[in-house]
Each structure stands twice: as C-alpha cells, then as structure tokens.
Amino acid sequence: MKTVQDEIIGLLPDQEQYVVGFADMGHLIEDQYPFRYAVVIGAKLNDQIIDAIEKAPTIEYYDLYVQTNRRLNELVVEIANFLKTKDIGSQPIFATVEDSELDDDYRDHLRYMFSHKMAATRAGIGWIGKTDLLVSRRFGPRLRLATVLTDYEFEKLGTPITKSNCGKCAICVDCCPAQAATGMLWNTTIDRDEFFNAVKCREMCRERAAHHIHKEISLCGVCIAVCPKGKARR
Ligand code: B12
C-alpha cells in the first residue's frame, strides 16, 4: 500500500527536475507555527540560464525566477490540498515573500519567520554554503525551495545535515559582487550574520537588477552560477 509520503512524491510533475525531503523540525519552529514536520521541495533551475549569469542577473533568469516561484507555489498548495483529503493539517510556505508580509523588522534584519534552507538541511537535502545558499547534494545551489508544514509524522524522515561540505572551496566568496561573505564554514551553531552580510548582498542585488534588467527586485545569481557543485558535468 502506498504511504502518504509515496503519494506526495507522486505529486511531483517530474522527478528529474525536483528534489523532495521530509524533515522533523523538532522545536525549531514551535514559536511560529503549530506544526513539527516539513515537506521541502526544491525545483531545479535551468543550467543554460544559470550558466549565462556572469556578473549580473539576466532577463531570462528573471523570467525563470517568476516561473519557478509560480510552479513551486502551485505544488505546495496541491500537497496541502492532498493532505486535507486525508484530514491531515498543514500549511504551505511559498517560495517568495509578498511585500504585504514584510514589516520594518524584516527590512532591518532581512530575516523571514520561516527559512526554507533550514527545513532543507533538516530534511538532509544539503548544507549551507559560504555565501549562505543551500547547496543540495543533487543540484548544488541551482534550485529554488518551497515547503509544506504539517503535523503528520512521515514514515521515513531525512537525516539532518549539520555542517558544511564546502571544504576549502571559496569560489562563491571570491566571485560575490557584494563581497558579502567572510569565507567561514557553516554549521548549525553559527548565525548567518557571522559569515554573511545580507544587507550588502541585498543592496548589490537591487543595484545590479535595476541596472541590467531594469527591475526593482533583489536578484543576482552569481553565487549560484559559479558553484562547482551545481555545474552540469560535461
Ligand atoms: C530574506 C531573503 C533574502 C535576503 C537575505 C538573504 C539571506 N541569505 O538571509 C536577500 C534579499 C539579501 C536575499 C538575496 C538572495 N536570495 Co533570498 N531569500 C530570503 C528569504 C525570503 C528568507 C531568508 C531568511 O529569512 N534568512 C534569515 C537567515 C537567518 O536564514 P537563512 O539564510 O534562510 O538560513 C540560515 C538558517 O537556515 C541556518 N540553518 C540552516 N539549517 C539549520 C539547522 C539548525 C538546527 C539551525 C539552528 C540553523 C540552521 O543556516 C542559515 C545561515 O545561518 C528566503 C525564502 C525563505 N522563506 O526561506 C529567500 C531565499 C533564501 N533566497 C534565495 C535566493 C536564490 C536569493 C538570491 C540568489 C537572489 C536571486 N534569486 O537571485 C540572493 C542571494 C542570497 C544569498 N547568497 O544568500 C533562495 C535560496 C535558494 C538556495 N539554493 O539556497 C531562497 C530560499 C528563496 C527560495 N524560495 O528558494 N534573499
């Protein structure tokens, strides 16, 4: 008989283009959400489009970002609706944060109340790289994430990843146009602000997006493009 987990995996449109993980969030989100478990979905980003990002975002990357968010948002709603048919409580967390959800605290600290990357490390999908990206085992950082929180205890939960696997590689640190990273290796006891300056990153993202694609958005993608973990093996 198919488990709930198998059925969720079956909802993915294409197994080659998506990664899915199941996480026990323990006490990590209990102050914010009444759920303990998470289904994390990663949608692979197109290699040709990512490879074409050299120093700034391209219009093709912007279109991919919009499309991927839409696909992921639809998928997490579909998973939540499926869980509802089984009387299982859940809440989809979208890939993007709407402007209406953002308060002054977010603008000052650039921290949203739910981190997809945290759910992804707990699900065993990957680790946090030196420029604070989720580096997945399958697609490197070339993926966007969305999550469904639930109170259903899945049959097979992922094994959490608690430290970086980037070793001495510092390509993303050297290539970051904002010089936002210190090069320190991540582990679960280190706060983002100890190794990554999100304010510098955001300023550069907005400057480059305005200049190169004429959009008011925080878009860059250089750290995604240069990571050797995600590059297609040719
Ligand atoms: C705010 C935000 C930004 C801010 C701040 C970025 C930042 N690094 O914090 C700004 C505007 C600068 C930004 C920029 C970009 N962003 Co952004 N952003 C977000 C958003 C909305 C929230 C992130 C957040 O709250 N950060 C706060 C810190 C504290 O959390 P965190 O960085 O997520 O991760 C920390 C914790 O998770 C912790 N952690 C991980 N596992 C565990 C386990 C335990 C036990 C503990 C205690 C901690 C822990 O480790 C991390 C470092 O401390 C997320 C969407 C979301 N809801 O998650 C997207 C998101 C992080 N952004 C994303 C992307 C792709 C970008 C850009 C590349 C833009 C672009 N699309 O071109 C750039 C570059 C970002 C970079 N190098 O980090 C992707 C990342 C995908 C990936 N492969 O990692 C996300 C997940 C969106 C998505 N749906 O996929 N972003």
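Anything mentioned here points back to the structure above.
The written sequence of each chain sets the order in which its residues are numbered from 1. Residues qualify for local features only when their pLDDT is at least 70, as the model is predicted, and side-chain atom pairs are given and counted only at 80 or more; totals for whole chains, interfaces and linings, by contrast, use all residues. Calculation of side-chain values draws on the structure's entire complement of heavy atoms; hydrogens and water are dropped beforehand.

## Here's the deal with the overall build of the protein
Note the following rule: Strands here mean DSSP runs of E at least two residues long; helices mean DSSP runs of H or I at least four residues long; both are numbered from the N terminus. For a compact globule the rule gives 2.2 Å times the number of residues to the power 0.38, and the radius of gyration it is set against comes from C-alpha atoms. Working definition: with a 1.4 Å probe on protein chains only, accessible area under 20% of the residue-type maximum means buried, over 50% means exposed, and in between means partly exposed. Contacts were defined at the residue level, with two residues in contact if any of their heavy atoms lie within 4.5 Å. Accessible surface is estimated by sampling points in the Shrake-Rupley manner with a 1.4 Å probe; for residues, cover comes only from the protein chains shown. Residues counted as positive are Lys and Arg, residues counted as negative are Asp and Glu, and His and the chain ends are not counted. For this purpose, a charge sits on NZ of Lys, CZ of Arg, CG of Asp or CD of Glu.
Helix and strand content of the protein: nine helices and six strands. Whereas a compact globule of 234 residues would reach a radius of gyration of roughly 17 Å, the protein reaches 17 Å, a difference of no more than 12%. Buried positions account for 46% of the 234 residues belonging to the protein. A sequence separation of at least 24 residues applies to 71% of the contacts in the protein between residues at least 6 apart. Put simply, the protein shows about 12600 Å² of open surface, and 48% of that area lies on carbon and sulfur atoms. A gap of 8 Å separates the mean positions of the 30 positive and 33 negative side-chain charges of the protein.

## Details of the sheet that holds strand β1 (residues 18-24)
The following threshold applies: Strand pairing requires that DSSP identify at least two bridges connecting the strands. A fitted line through C-alpha atoms represents every axis, and for helices the fit uses only the stretch in contact; the resulting angles, taken between N-to-C directions, go from 0 to 180 degrees.
Strand order in the open sheet formed by four strands is β1-β2-β6-β3, and the pairing between neighbours is antiparallel. Since the sheet does not close on itself, it has two edges, and those belong to β1 and β3 (90-93), each with one partner. Across the sheet, the axes of successive neighbouring strands diverge by a mean angle of 20°, strand direction being ignored. Bridge count between β1 and strand β2 (residues 37-44): seven bridges; the pairing is antiparallel. Paired with Y18 across the bridge in β2 is A43. Contacting β1, β2, β3 and β6 (143-150), helix α3 (residues 59-85) crosses the sheet at an angle of about 20° to β6.

## Some words on unusual backbone geometry
Its identity is not glycine, yet D87 carries a phi of approximately 60°, on the positive side. Inspection of the secondary structure assignment puts D87 in the loop between α3 and β3. On the basis of relative accessible area, D87 is assigned to the exposed category, the value being 75%. Of note in this structure, D132 is not a glycine but carries a positive phi near 65°. Within the secondary structure, D132 is located in the loop between β4 (126-128) and β5 (134-136).

## Things to note about the pattern of salt bridges
Going by this rule: Throughout this description, the term salt bridge denotes a Lys or Arg side-chain nitrogen within 4 Å of a carboxyl oxygen of Asp or Glu.
Under the definition given, this model contains nine salt bridges. Linking D24 and R36 is a salt bridge whose minimum nitrogen-to-oxygen distance equals 2.8 Å. Separated by 12 residues along the polypeptide, D24 in strand β1 and R36 in the loop between β1 and β2 bring together distant segments of the chain. By relative accessible area, D24 is classed as partly exposed at 24%. For R36, a relative accessible area of 38% corresponds to the partly exposed category. Residue R142 is joined to D47 by a salt bridge in which the shortest nitrogen-to-oxygen separation is 2.8 Å. With R142 in the loop between β5 and β6 and D47 in helix α2 (residues 47-51), this residue pair connects regions lying 95 residues apart in the sequence. In this structure R142 comes out as buried when scored by relative accessible area, which is 0%. Within the structure, one salt-bridge network assembled from shared partners comprises K44, D47, D51 and R142.

## Regarding the packing of aromatic side chains
For the record, the criterion: Between rings of Phe, Tyr and Trp, where Trp is taken as its six-membered ring, a pair exists when centres lie within 6.5 Å; planes separated by under 30 degrees are stacked, by over 60 edge-to-face, and by other angles tilted.
Considering all chains together, one arrives at three aromatic pairs under this definition. When the ring of Y33 is compared with that of F114, the centres are 5.8 Å apart and the planes differ by 90°; the resulting orientation is edge-to-face. With Y33 in the loop between β1 and β2 and F114 in the loop between α4 (104-109) and α5 (116-122), this pair connects stretches of sequence that are 81 residues apart. A residue is classified by how much of its surface remains accessible, and Y33, at 5% relative accessible area, is buried. Taken together, the ring pairs in this structure connect F22, Y152 and F154 into an aromatic cluster.

## What to know about the site of the ligand
In plain terms, the rule: Distances are taken per atom, and a residue is near a molecule or strand as soon as one of its heavy atoms is within 4 Å of it. Contacts described as polar in this section are N or O atom pairs within 3.5 Å, which, within protein, must combine one atom able to donate a hydrogen with one able to accept it, while residues neighboring in sequence count only if both atoms come from side chains. Residue type decides the class: Asp, Glu, Lys and Arg count as charged, Ala, Val, Leu, Ile, Met, Phe, Trp, Tyr, Cys and Pro as nonpolar, and the leftover types, Gly among them, as polar.
Taken together, 41 residues sit near the ligand, with S115, T121, D132, L134 and R192 positioned nearest. One of the backbone N or O atoms of T131 is found 2.7 Å from a nitrogen atom in the ligand. Separating an oxygen atom of the ligand from a backbone N or O atom of L134 is a distance of 2.6 Å. If you tally residues by element for the shell around the ligand, the top one is α5, at five residues. Its residues assigned to classes, the shell around the ligand shows 26 nonpolar, seven polar and eight charged.

## Some details on α3
In an α-helix, one turn spans 3.6 residues, which is why side chains three or four residues apart end up on the same side. How we decide: One less than the number of residues in a helix, times 1.5 Å, gives the span that helix is expected to have.
Compared with an ideal rise of 1.5 Å per residue, which puts 27 residues at 39 Å, α3 spans 40 Å between its outermost C-alpha atoms and is within 8% of the ideal. The positive-phi residue at the C-terminal boundary of α3 is D87, with phi of around 60°.

## Concerning the environment of A52
By secondary structure assignment, the location of A52 is in the loop between α2 and α3. According to the relative accessible area criterion, A52 is partly exposed, its value standing at 45%. A C-alpha to C-alpha distance of 33 Å links A52 and I79, two positions 27 residues apart in sequence.

In short, the description is geometric, and any link to function would need to be established separately.
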